[in-house]
Structure formats: structure tokens, C-alpha cells
Amino acid sequence: MDTDTDVSDNEQTHLLDVLNDANADVQHIRTAFNAYFVHAASRARTSANVFSARVLPLTQHEYNDTIAAYDARTADARPSTRWSGNHDARTAFRRYAHELDQGFNLVFYGFGSKRAVLNDFASKELAHRGHVVVVNGYHPNTSLKDVLASIERVPSLANAATTNMDAQIRRICSFFSATDAPRTRRLYLVVHNIDAPPMRAQKVKNTLSLLAISPNIHLVASVDRLGSPLLWSASELLARKVQLSDTATPLSSVNGHTTSPKRGYTFLWHDLTTLTPYDTELSFADRSSIAGASYASTGARSALATTATAGAGAPLTETAVAHVLAAVTSKAKKLFILLGTRQLANAEAASVAVTGSDAPAPTDMAQFGLNYDALFSLAREHFVATSDTALRALLGEFKDHGLVLVGAAGGGSGDTLWIPLRKERLVRVLKSIETESS
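What comes next concerns the included structure.

This part takes up the overall build of the protein. The helix and strand tally for the protein stands at 17 helices and 10 strands. Relative to its 438 residues, the protein shows a buried fraction of 37%. When contacts within the protein are restricted to residue pairs at least 6 apart in sequence, long-range pairs at least 24 apart make up 73% of them.

Given below as C-alpha cells:
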């Protein structure tokens, strides 16, 4: 009995301790209802860091050195194509050709350029089965007119004098859909980067969907963007090829009314990861600029246009700076040299005065800029600009092209001007200007 009494007393003491601790922390406990509204009422914080401002663009020299080091690797160190399944390229090509014969079109995705693999597929397998037309969709000047003209170069396809695109499309569909057409009258349309900006035009998409649904026209395409499946509707992706009897005429009639022809892609998706550089696909973009790579992906604007209209410190390349400096006056060049020299001096002084974890980041060049009043005094001493109007006129050209950025200085001491180039690149630019002047 004494033992039971001791156990009961211990349990009561432990229970009292737990209740006391709960009462002490009761102000920190929220119900699920209150916790939700407390969390929803708080403002979401958005970082002010911009990826393009943190990752500086490569110069052409740096890019060439990197590509040369990549190409100099041994054969064992280079990545190989990852085929889906336990077979080699020859077996995979035969499998893909069989899927095309069964009425499907193929689209290949995966990291790395797929251009070389698809060209091998076209030359080693498809060329023996019919006519092959290769479309470089990544080329910015690719147009629907060129694609149709290439298809009409197929032997026996009547190339009429008319240049109407609708007539060309009808003629192509009729030629490859004829019921008495031999088995060799097949068209294999290989499109590199069907998700590239030139291939996203609605007219191009409509034409490709009309050709791809034809039983004797087979589409083989590659994509490299995450949102590529969103380019087509579900009905287009899930459509099946029509029979030859349905494609004898480009338009069909229902209840006496003319209807649009059937469209669709009938895609089968294959992973074709090669890990090969996109050298050819990016050859038309400014590879030394992040904005240039973005243009190759979205087609929104060119890299030079992005740099020229940058008001918030878009990355600059030495080539872009050289182009602008070649078009300005000698006084503007002297002003650029004065600002760049003083900026380098400020950066050098800061690196000597502050070391360790408190040292400024080398990419943050705004803190090494020059106050407007100080720049005006410096320009007047060197007879570059003797008035405020003349100085602002010289700076206007640089600000319009993003070579000189302006920001508010701390302490209300006016504007600060700086050149958005990191230290070593600014040194090379100033040396090249001095070399050309001497």
C-alpha cells in the first residue's frame, strides 16, 4: 500500500508540473484558426537580388577559352547520349522509325543539344524511307515560306508559279495524301527546336499541325524549354492521323457546309538527354550576355537592345562598350576615362582600407562611383565640360546606352554616377581607349 501511495503522489506531482509549465507558456499557444490569419496577414518579403546582376556575363575571350577547354577533353570524359531502354543508337533509330510507321509523330526532350542525333537519325534511317526536310527552328530568320519552299523541292511535286501559302499547303497535302501514291512517297519533316520563337507563330503552328496529321507526312521534332507542352492544346497532342481516304481533299463537307481540315500532332515523347553544348542553337545569340541567352529562349528582344535600355544596371560586355565609345566624340571619351579612372581609384582604396568579411563585394560598383559635383569639377579642370549643360549632354549618350548609371547618394549629397563594369574589365576597356588614342 505504501508503494502505491508513493506512486500516486509522484504522478500527481508530475501532473502539477506539466500544468504549471503549460500555464507559463499559454501566451505562445495559438489555435489553428488564429495561426492561419496571423500568417496570412504578414507581408511576403521579396528579395531585391537580381540573378543577372549577380552573375556577370562572359567576355568573348572567356567564352572561347571555356569552349576550347570543353572540346579538349578526352573521349572518356565526354558525356554520351542516354538512350531510353537497353539498346544502342541503331536499335533506337529503328524503334523510332517503327513508331513513325504506326502513325505517330516524335518529339524529343532532355538536357543537351539534340541536333546531331536527329541529323544522324534523318541521314541513316529516314533518308532510306522517303524524302527528308530538315528545319532549323532555332535560326531567327526561319520562316514558313522557306519551309514550304524546301518541301516543294521534292521531286515529282509540282512547283506551281503561285506563291500563295494556302495553295502551297493544299498542294503538299494532296501530293503526299494521294491514294495511289507509292510507299516511297513519304515526307519526314525534322524540326530542330520546334519550341523556338520563330516556330511559335500561329500561322506556323497551324501549318505544322495540318501537315503532321497527314498519314504520309511524319514530324520529328526537338524541344528544350520546360513549358513546351503548353504550346499546343490537348486535342492537338492527342489527335490521331487521318486515313488516306479522308485526306484526298484538303477540305471536307458536312451537311453541305465546308469545314476546316483536321489538325493535330499525334506526339510520342522521348527522353534524349545528350549533355551536349547548345553551340549551334546559340550561335545567333550574344553568348557573352545573359540577356542574349534569354532572347534565344523567349525571342522578346535582342541582347543589345536590353543593354542599351538598361536603367537598373544590366550586364555590359566589353564589346558593347567598344561599339558605343566608337560612336561618341573625343570629349565624351575623355569624360568616360575620367570617370572610369576615378572609379578604379576608389575601388583600389576601398580594397586596401577594408579587408575580411566586411570588404565590399567586387560586383557592387555603385559604391565606388563619383558624385555628380565632383565629376563636374573634374571635367572642368580637364577642359572636358565647362558648364552643367555640356556635362549632361555628354553623359546623356552614356546613360541612354547603359554605360553610365545614376543613383541617389547617401546623405542627400546628390547623384552618384558609375560604370557597371567590374574592375578587371574596366581596366581593359580604359587601356584599349588609350591605345586607340595614341
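To continue, consider the packing of aromatic side chains. Going through the model one piece at a time under the given rule, you end up with 12 aromatic pairs. Between Phe93 and Phe121 the ring centres are 5.2 Å apart and the planes differ by 35°, which places this aromatic pair in the tilted class. Of this pair, Phe93 sits in helix H5 (residues 89–101) while Phe121 sits in helix H6 (residues 115–124), and the two are 28 residues apart along the sequence. As far as the burial class goes, Phe93 and Phe121 line up, both buried. Here the aromatic cluster, defined as three or more aromatic residues joined through ring pairs, consists of Tyr109, Trp232, Tyr265, Phe267 and Trp269.

The next thing to look at is unusual backbone geometry. Phi angles above zero are rare outside glycine, and Thr266 is one such case at about 55°. Along the chain, Thr266 falls in the loop between strand S6 (257–259) and strand S7 (267–271). Looking at Thr266, the relative accessible area reads 2%, which means it is buried. One non-glycine residue with positive phi stands out, namely Phe383, at about 60°. For Phe383, a relative accessible area of 66% puts it in the exposed group.

Moving on, we come to the pattern of salt bridges. One pass over the full model with this rule turns up 9 salt bridges. Across the salt bridge formed by Asp388 and Arg392, the nearest N and O atoms sit 3.0 Å from each other. Here Asp388 pairs with Arg392, and both are found in helix H16 (residues 388–400), just 4 residues apart, close to one helical turn. Three or more residues joined by partner-sharing salt bridges are found here, namely Asp101, Glu125 and Arg129.

Another aspect to go through is the packing of helix H7 (residues 144–151) against helix H8 (residues 165–176). Between two packed helices, the angle of one axis relative to the other and the distance separating the axes together describe the packing. One way to put it is that H7 packs onto H8 with a least axis distance of 11 Å and a crossing angle of 35°. Judged by the twist between their axes, the crossing of H7 over H8 is left-handed. In this structure, H7 uses Leu144, Lys145, Leu148 and Ile151 to contact H8, whose residues at the interface are Met165, Gln168, Ile169, Ile172 and Phe176. Counted by class, the contact of H7 with H8 contains 7 nonpolar, 1 polar and 1 charged residues.

It is worth spelling out the environment of Ala385 at this point. Mapping Ala385 onto the fold places it in the loop between helix H15 (372–381) and H16. Ala385 sits 50 residues away from Leu335 along the chain, and the two C-alpha atoms are 8.5 Å apart. With sequence-adjacent residues up to four places away left out, Ala385 is seen in contact with Phe376, Ala379, Arg380, Ala390, Leu391 and Leu394.

Before going further, it helps to examine the pairing of strand S3 (residues 187–192). Of all the 6 residues making up S3, 6 are buried; the element is thus mostly covered by neighbouring parts of the structure. A two-sided burial pattern is seen for S3, the buried positions comprising Leu187, Leu189 and Val191 on one face and Tyr188, Val190 and His192 on the other. One ladder, built from 6 bridges, connects strand S2 (residues 131–136) with S3; its direction is parallel. Each residue of the ladder has a partner; that of Asn136, found in S3, is His192. One ladder, built from 5 bridges, connects S3 with strand S4 (residues 217–222); its direction is parallel. What sits directly across from Val191, in S4, is Ala221. In this fold, S3 hands off to helix H9 (residues 202–212), which returns the chain to S4; that crossover is right-handed.

What counts, and where the lines are drawn
- Residues numbered from 1 in each chain as written.
- Predicted model: local features only at pLDDT ≥ 70, side-chain atom pairs only at ≥ 80, totals over all residues.
- Heavy atoms only, no water.
- Helix = DSSP H or I, 4+ residues; strand = E, 2+ residues; numbered from the N terminus.
- Buried < 20%, exposed > 50% of the residue type's maximum accessible area, 1.4 Å probe, protein only.
- Contact = heavy atoms within 4.5 Å.
- Phe/Tyr/Trp six-rings, centres within 6.5 Å; stacked < 30°, edge-to-face > 60°.
- Salt bridge = Lys/Arg side-chain N within 4 Å of Asp/Glu carboxyl O.
- Axes fitted to C-alpha atoms, helices over the stretch in contact; angles between N-to-C directions.
- Left-handed = near helix turned anticlockwise from the far one by under 90°.
- Nonpolar A, V, L, I, M, F, W, Y, C, P; charged D, E, K, R; others polar.
- Pairing = 2+ DSSP bridges.
- Right-handed = clockwise from strand over helix to strand, strands pointing away.

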